[in-house]
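Results of the structural survey
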Amino acid sequence: MIETVPLGEVAHVFNGKTPSKAEKRSVGHPVLKIKDVDDRGVFCGEFDSFVDDSFARRYRHKAVQTNDVLILNAAHNSDYVGSKMLQAPPEVQGSIATGEWLMARSASARLDQGYMWHWFQSPPTRDQIRGKVKGIHLYPRDVAELLIPVPGPDEQRRIAAILDKADAIRRKREQALALADDFLRSVFLEMFGDPLTNANNLPSQPLGKFGRIVTGNTPPRSDPGNFGDAIEWIKSDNVNTNEHFLTRAAEGLSDKGRTLGRIVPNGSILVTCIAGSPSSIGRAAIANRPVAFNQQINAIIPNPDVNVYFLYVQFLIGKQLVLRSSTNSMKGMISKGEFQKIKFLRPGPDEQAKFGRIFEKHLAANNRFLDQKVMANDLFAALSQRAFAGNL
């Protein structure tokens, strides 16, 4: 029988420390912020926030050690709390983690750090973490209460080694997808140049000339009969830049709600124009089926002479064009009027269609990579489930 103990008995669980505005420096000792880690749990490669040595010495107990587990503990949206995790690589060794990071570090020879990392990544543990979120925060004391199975040290290392290999396969599949998208961007830039500078002096027009702009809405929630399964009701979390097409909506409208909602056809492009942070503004995805959508999103239904794939990739590469039209508030917003004024490159239909054909070939390859990624993720999840149930 494998012993199960509260995590706090075998690990230190604590928050980082966010420097005040007065304590921040342009150079000095690095600070690890949430945005320094991508959604895959990979360090982005450089720091842009620093403190002086006196701050670093004062909070040296908040300094990151290699293989520490870091978890996002606070966000504007409760669904995002706990979603980002990092196994600290050597490149972040010694940096000061901000207070938005919850940190876990083995405090006993009974717990292998690599084993603990995989335990945190396992689907059951992630579900438990989501259950511990209070409001928009995740607290160390609550995470320390989670029960972790603690087999012998040799068995922990064996489990960690198996899951390391499965995780490596999964990450290689993710890298293949990222490289494919990088290739697509390179082709666009080679054919048309950067839309931010238009160094090729291509014709450009306001988005309102590319097609019909539609802003979403929310049918009255006072009438539950407006919601059902007649049509998907897209929200900003379905406009995911990791997917070229809208992800499946969790909520839908009824036939009655459909008459009150805003609906766009297959081939439309949906763009997030109201979000919890300015960096989320401008995310785009293609609708590959008719959908309704909420007021955080503007959609464009392209004219017949506009290639949807050309326009979509321009949103990906030219996101800053959209961001420039956003308000400077904490959340950020672009009205329909401002959205349709944004100027995009407008080469001839033949050039757009040529790029569209390249995109279609990219999609075929991308679908193969996605299938491989799903298989790798399923394998990792199954092994992880078995490992911490004592069946690996």
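Just above, that's the structure.
As a starting point, this report considers the structure included with it. Everything numeric here is computed off the predicted structure, so don't read it as measured data.

We now examine the packing of helix α5 (residues 153–192) against helix α10 (residues 349–387). Think of two packed helices as two axes; the pair is described by the angle between the axes and how far apart they sit. For the pair α5 and α10, interaxial distance at closest approach is 9 Å and the crossing angle is 170 degrees. Taken together, the axes of α5 and α10 are roughly antiparallel relative to one another.

Spatially, β13-β12-β17-β14 is the arrangement adopted by the 4 strands of the open sheet, whose pairing is mixed. Edge positions in the sheet fall to β13 (252–253) and β14 (263–264), since each of these pairs with one other strand and no more. With 3 bridges joining them, strand β12 (residues 227–234) and β13 adopt antiparallel strand pairing. Within β13, the residue paired with E232 across the bridge is G252.

Moving on to the nonpolar core. With 36 residues, the main nonpolar core has L207, I269, L311, F315, F339 and F344 as its most contacted residues. Looking at this core element by element, the count peaks at 9 residues for helix α7 (residues 308–317). Setting aside residues up to four positions removed in sequence, L207 forms contacts with I213, I300, L311, F315, F339, Q340, I342 and F344. Grouped together as the second largest cluster of nonpolar side chains are 33 residues, V5, A75, A387 and F388 included.

What follows concerns the sheet that holds strand β8 (residues 101–106). Taken together, the 4 strands give an open sheet; going across it, the order is β2-β8-β5-β6, and neighbouring strands pair in antiparallel fashion. Looking at the sheet topology across the chains shown, the edges are occupied by β2 (11–15) and β6 (85–87). Between one strand axis and the next, the sheet turns by 15 degrees as a mean value, whatever way the strands run. Bridge count between strand β5 (residues 69–72) and β6: 3 bridges; the pairing is antiparallel. Within the sheet, the bridge partner assigned to V69 lies in β6 and is Q87. Sheet contacts for helix α2 (residues 113–121): β2, β5, β6 and β8; angle to β8, the most-contacted strand, approximately 140 degrees.

We now examine the pattern of salt bridges. Side-chain pairs of opposite charge can arise where the charged atoms are in close proximity. Using the criterion set out here, one finds 21 salt bridges in the structure. For K134, the salt bridge identified is with D142, shortest N-O distance 3.3 Å. Accessibility expressed as a relative area gives 44% for K134, which makes it partly exposed. Accessibility expressed as a relative area gives 5% for D142, which makes it buried. R171 is the partner of D167 in a salt bridge, and the nearest nitrogen-oxygen pair spans 3.2 Å. With D167 and R171 both in helix α5 and 4 residues apart, this pair spans about one turn of that helix. Look at D167 and you get buried, because its relative accessible area is 7%.

A few words now on the packing of aromatic side chains. Going through the model one piece at a time under the given rule, you end up with 15 aromatic pairs. Measuring from ring centre to ring centre gives 4.7 Å for F55 and Y59, while their planes differ by 45 degrees; the resulting arrangement is tilted. Look at Y312 and F359: their rings are 6.1 Å apart centre to centre, the planes differ by 80 degrees, and that puts the pair in the edge-to-face class. Placement of the pair is Y312 in helix α7 and F359 in helix α10, with a sequence separation of 47 residues.

With that settled, the discussion passes to the side chain of D38. On the secondary structure map, D38 appears in the loop between β3 (29–32) and β4 (50–51). Within the structure, D38 has its side chain in polar contact with the side chain of R40 (distance 2.8 Å). If sequence neighbours within four positions are ignored, D38 has contacts with C44 and K84.

This brings us to the packing of α2 against α5. Remark: α2 packs on α5, axes separated minimally by 9 Å, with the N-to-C direction vectors making an angle of 55 degrees. Considering their axes alone, α2 and α5 lie oblique with respect to each other. Helix-helix and strand crossings are classified by hand; for α2 and α5 the assignment is left-handed. On α5, the residues touching G114, Y115, W117, H118 and Q121 of α2 are Q156, I159, A160, L163, D164, D167, R170 and R171. Residues belonging to the contact of α2 with α5 are distributed by class as follows: 5 nonpolar, 4 polar and 4 charged.

Counting buried residues in strand β11 (residues 211–215) gives 4 out of 5 residues, a clear majority hidden from the surface. With 5 bridges connecting them, β11 and strand β18 (residues 297–302) associate as antiparallel partners. Across the sheet, residue I213 finds its bridge partner in β18, namely I300.

Note on placement: I297 falls in strand β18. Taking relative accessible area as the criterion, I297 reaches 0% and is therefore assigned buried. The spatial distance from the C-alpha of I297 to the C-alpha of A284 is 9.4 Å, given a sequence separation of 13 residues. With residues up to four places along the chain from it excluded, the contact list for I297 reads V214, T215, G216, I234, K235, S236, V239, L270, V271 and C273.

Along the chain, the position of E351 falls in helix α10. Here the alpha-carbon distance between E351 and T247, two residues 104 residues apart in the chain, equals 29 Å. Among residues more than four places away in sequence, those in contact with E351 are M191 and F192.

The rules behind these values
Residues numbered from 1 in each chain as written. Predicted model: local features only at pLDDT ≥ 70, side-chain atom pairs only at ≥ 80, totals over all residues. Heavy atoms only, no water. Axes fitted to C-alpha atoms, helices over the stretch in contact; angles between N-to-C directions. Helix = DSSP H or I, 4+ residues; strand = E, 2+ residues; numbered from the N terminus. Parallel < 35°, antiparallel > 145°, perpendicular 65-115°, else oblique. Pairing = 2+ DSSP bridges. Core = buried A, V, L, I, M, F, W, Y, C linked by side-chain atoms within 4.5 Å. Buried < 20%, exposed > 50% of the residue type's maximum accessible area, 1.4 Å probe, protein only. Contact = heavy atoms within 4.5 Å. Salt bridge = Lys/Arg side-chain N within 4 Å of Asp/Glu carboxyl O. Phe/Tyr/Trp six-rings, centres within 6.5 Å; stacked < 30°, edge-to-face > 60°. Polar contact = N/O pair within 3.5 Å; in protein donor to acceptor, adjacent residues only side chain to side chain. Left-handed = near helix turned anticlockwise from the far one by under 90°. Nonpolar A, V, L, I, M, F, W, Y, C, P; charged D, E, K, R; others polar.

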